[in-house]
Amino acid sequence: NAWSRFVSVLNRLESLPVSENLITTKKVCGDWSVKDILAHINWFEREVAGILQLKEFGGSDWWMLDVHQRNRKIYEMNKDRSLKVVRQELISGHKELMDGMIKLTDRELTESGAIKGMPPDWTLELILDGNTWQHYNEHSKHLIELLEEN
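The structure presented is a predicted model; accordingly, all values stated were derived computationally and were not measured.

A. Representation of helix 4 (residues 67-78). For helix 4, with 12 residues, the first-to-last C-alpha span of 17 Å sits near the 16 Å given by 1.5 Å per residue. Among the residues making up helix 4, those that are buried are Arg70, Asn71, Ile74, Tyr75 and Asn78. All buried residues of helix 4 fall inside an arc of 135 degrees around its axis, so they share one side. Where helix 4 is buried, its residues touch helix 3 (34-54). N-cap assignment for helix 4: the residue whose side-chain oxygen lies 2.9 Å from the backbone N of histidine 68 is aspartate 66.

Here it is as structure tokens:
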């Protein structure tokens, strides 16, 4: 699956002799390093996990921002955090997301009205798709390119 591929590539990157420097400083996606990508993915997963836990659309006001503004805020919030902390939070955030997904009903997943406060044209299925497996695939390519360079 997309998460397993993403983590596999990350683990291979982390096994390189200069991995921490490479992961925290080399720009692989615009101005972002791999560490920045990990923090970015973690933010989205934790936000979605909160929706799953509460069965209510909410969380950060950043959802209503333009995607570039939201991504900038996520970057700014995490840019000075350590790789170790970002990596640990990525793994724990993913576990929270998976725990929430297990408890979903088909109705909650596919019907926009099933989750309180959800914008009318949104479903959890679409939110999960765009903020998890598609997100992993989108950013895996940056990790793979860096791995192939080294």
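B. Structural view of the pattern of salt bridges. Evaluation of the coordinates by the stated rule reveals nine salt bridges. Between lysine 26 and glutamate 149 there is a salt bridge, and its shortest N-O distance comes to 3.7 Å. Linking lysine 26 in the loop between helix 2 (19-25) and helix 3 with glutamate 149 in helix 8 (residues 133-149), this pair joins segments that are 123 residues apart in sequence. Residue lysine 26 is classed as partly exposed on the basis of its relative accessible area, which comes to 35%. Here the salt bridges do not stand alone but share partners, grouping Arg72, Glu76 and Lys79 into one network.

C. Representation of the environment of valine 86 within the structure. Here valine 86 is to be found in helix 5 (residues 83-102). Its relative accessible area of 2% is what places valine 86 among the buried residues. Separated by 49 residues in sequence, valine 86 and isoleucine 37 place their C-alpha atoms 9.8 Å apart. Not counting residues within four places of it along the chain, the set of residues in contact with valine 86 comprises Lys35, Leu38, Ala39 and Arg81.

D. Quick peek at the nonpolar core. Ranked by size, the top nonpolar core spans 42 residues in total, and within it Phe6, Leu13, Val34, Ile37, Leu38 and Leu143 carry the most contacts. Elements that contribute at least two residues to this core include exactly helix 1 (2-14), helix 2, helix 3, helix 4, helix 5, helix 7 (124-131) and helix 8. Looking at this core element by element, the count peaks at 11 residues for helix 3. Excluding residues within four positions of it along the chain, leucine 143 makes contact with Phe6, Val9, Leu10, Leu13, Val34 and Ile37.

E. A look at the environment of leucine 16. Turning to its location among the elements, leucine 16 is positioned in the loop between helix 1 and helix 2. We classify leucine 16 as buried; its relative accessible area is 17%. Placed 131 residues apart in sequence, leucine 16 and leucine 147 show a C-alpha to C-alpha distance of 8.8 Å. Discounting chain neighbours no more than four positions away, the residues touching leucine 16 are Leu22, Leu147 and Asn150.

About the criteria used
All residue numbers refer to position in the chain's written sequence, counted from 1. For a predicted model such as this one, the threshold for reporting local features is a pLDDT of at least 70, and the threshold for listing and counting side-chain atom pairs is 80 or more; totals across whole chains, interfaces and linings nevertheless cover every residue. Neither water nor hydrogens contribute to the side-chain values; these are computed over all heavy atoms in the structure. Numbering of helices and strands runs from the N terminus, with a helix taken as a DSSP run of H or I at least four residues long and a strand as a DSSP run of E at least two residues long. The span expected for a helix works out to 1.5 Å for each residue beyond the first. Whether a residue is buried, partly exposed or exposed follows from its accessible area with a 1.4 Å probe, protein chains only, as a fraction of its type maximum: under 20%, in between, or over 50%, in that order. Within this analysis, the arc is defined by the directions that extend from the helix axis to the C-beta atoms. Note on contacts: a residue pair is in contact if any heavy atoms of the two residues lie within 4.5 Å. A 3.5 Å cut-off defines polar contacts: any pair of N or O atoms within that distance qualifies, except that in protein one atom must be a possible hydrogen donor and the other a possible acceptor, and neighbouring residues in sequence count only when both atoms are side-chain atoms. We count a salt bridge whenever a side-chain nitrogen from Lys or Arg sits within 4 Å of a carboxyl oxygen from Asp or Glu. Among the buried residues, those of types Ala, Val, Leu, Ile, Met, Phe, Trp, Tyr and Cys that are joined through side-chain atoms within 4.5 Å form a nonpolar core.

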